[in-house]
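So the chains spell out like this:
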Amino acid sequence: IAIGNAELHSRLRRQQHLLQAVLRDINDGLVVFDKELNIVLANPIGQALLGDQSETQPWLIRLREVARNLGDQDRPTAAPELRFGGNPETGEGEMVYQAFASHVRTEAESPDLTAIVLHDITDQKAEDRARMDFISMVSHELRNPLHSLNGFVKVVLQGRAGPLTPLQHEFLTMADDQVAQLSGRIAELLEYNRFKA
């Protein structure tokens with residue numbers, strides 16, 4: 001019995017060390033609340049976010065709101081993006097987290113705890129912003145020469161640059177239609193960018 005107990009204690013200690021290592025080394029923040037929204041557990045990233053005093057609305061209040069919004073739902077929910085630090089005007093140095101909340105059941109009857117995982121999406125947001133900036137820049141760069149091309153084609157089609165043969169008129173009409181289609185695509189790109197922003 002003593003040997004069996006020693007083996008059980010040794011196995012339990014290994015599992016505790018493994019759990020502590022996982023909580024310490026994962027790249028996501030983890031904060032666990034009880035029913036009264038008191039913090040039960042937080043890994044180092046979660047503790048760092050909770051300990052930040054530079055924010056106008058402290059992280060603890062934000063995360064309690066996420067836990068409260070989870071309410072009686074039985075399925076995990078994603079909260080809006082939570083922004084952390086950085087320059088408020090330019091967004092420089094800002095960290096962006098996506099919060100995922102779910103109930104943790106310790107007994108079969110009711111959810112006792114709420115776990116919130118904070119996934120860092122800062123790089124993804126920076127890529128999105130760079131992609132949007134690129135689309136906007138390309139669209140504006142294409143728009144200016146396209147307007148000039150459109151204007152010149154219309155002037156020639158109106159006969160202001162001299163008479164046109166039927167074949168020239170047909171080709172220029174096709175070119176005018178293509179310019180209009182391209183202008184529409186550029187407008188769609190700009191509208192998509194505005195929508196994403």
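Note: the structure precedes this text.
Residues numbered from 1 in each chain as written. Predicted model: local features only at pLDDT ≥ 70, side-chain atom pairs only at ≥ 80, totals over all residues. Heavy atoms only, no water.

**Student:** Can you help me understand the overall build of the protein in this one?
**Tutor:** In terms of helices and strands, the protein carries 5 helices and 5 strands. Mapped in sequence order, the helices and strands of the protein form the string α-β-β-α-α-β-β-β-α-α. Considering the protein as a whole, with its 197 residues, one finds that 25% of them fall into the buried category. Considering only intrachain contacts with a sequence separation of at least 6, the fraction spanning at least 24 residues in the protein is 46%. Entry remark: accessible area of the protein is about 13800 Å², with carbon and sulfur atoms responsible for 57%. (Helix = DSSP H or I, 4+ residues; strand = E, 2+ residues; numbered from the N terminus. Buried < 20%, exposed > 50% of the residue type's maximum accessible area, 1.4 Å probe, protein only. Contact = heavy atoms within 4.5 Å. Areas by Shrake-Rupley, 256 points an atom, 1.4 Å probe, with all protein chains shown as cover.)

**Student:** Help me understand helix α3 (residues 59-70) in this model?
**Tutor:** Think of an α-helix as 3.6 residues a turn; residues three or four steps apart then line up on the same face. When the terminal C-alpha atoms of α3 are compared, their 17 Å separation across 12 residues agrees well with the 16 Å that a helix rising 1.5 Å per residue should span. Restricting attention to buried positions, one finds in α3 the residues W59, R62, L63, V66, A67 and L70. Buried residues along α3 cover an arc of 135° about the axis, so they all sit on one side. (Expected span 1.5 Å × (residues − 1). Arc of directions from axis to C-beta.)

**Student:** Is there a simple way to explain the packing of helix α4 (residues 122-157) against helix α5 (residues 166-196) in this structure?
**Tutor:** A pair of packed helices is captured by two measures, namely the crossing angle of their axes and the spacing between those axes. With their axes 9 Å apart at the nearest point, α4 and α5 run at an angle of 155° to one another. Classified by the interaxial angle, the pair formed by α4 and α5 is roughly antiparallel. Judged by the sense of rotation from one axis to the other, the crossing of α4 with α5 is left-handed. When the residues that make up the contact of α4 with α5 are grouped by side-chain class, the tally is 14 nonpolar, 8 polar and 4 charged. (Axes fitted to C-alpha atoms, helices over the stretch in contact; angles between N-to-C directions. Parallel < 35°, antiparallel > 145°, perpendicular 65-115°, else oblique. Left-handed = near helix turned anticlockwise from the far one by under 90°. Nonpolar A, V, L, I, M, F, W, Y, C, P; charged D, E, K, R; others polar.)

**Student:** Would you explain α5 in this entry?
**Tutor:** With 31 residues, α5 should reach 45 Å at 1.5 Å per residue; the first-to-last C-alpha distance of 45 Å fits that figure. Looking only at α5, the buried set comprises D176, V179, I186, L190 and N193. In the core, the buried residues of α5 are packed alongside α4.

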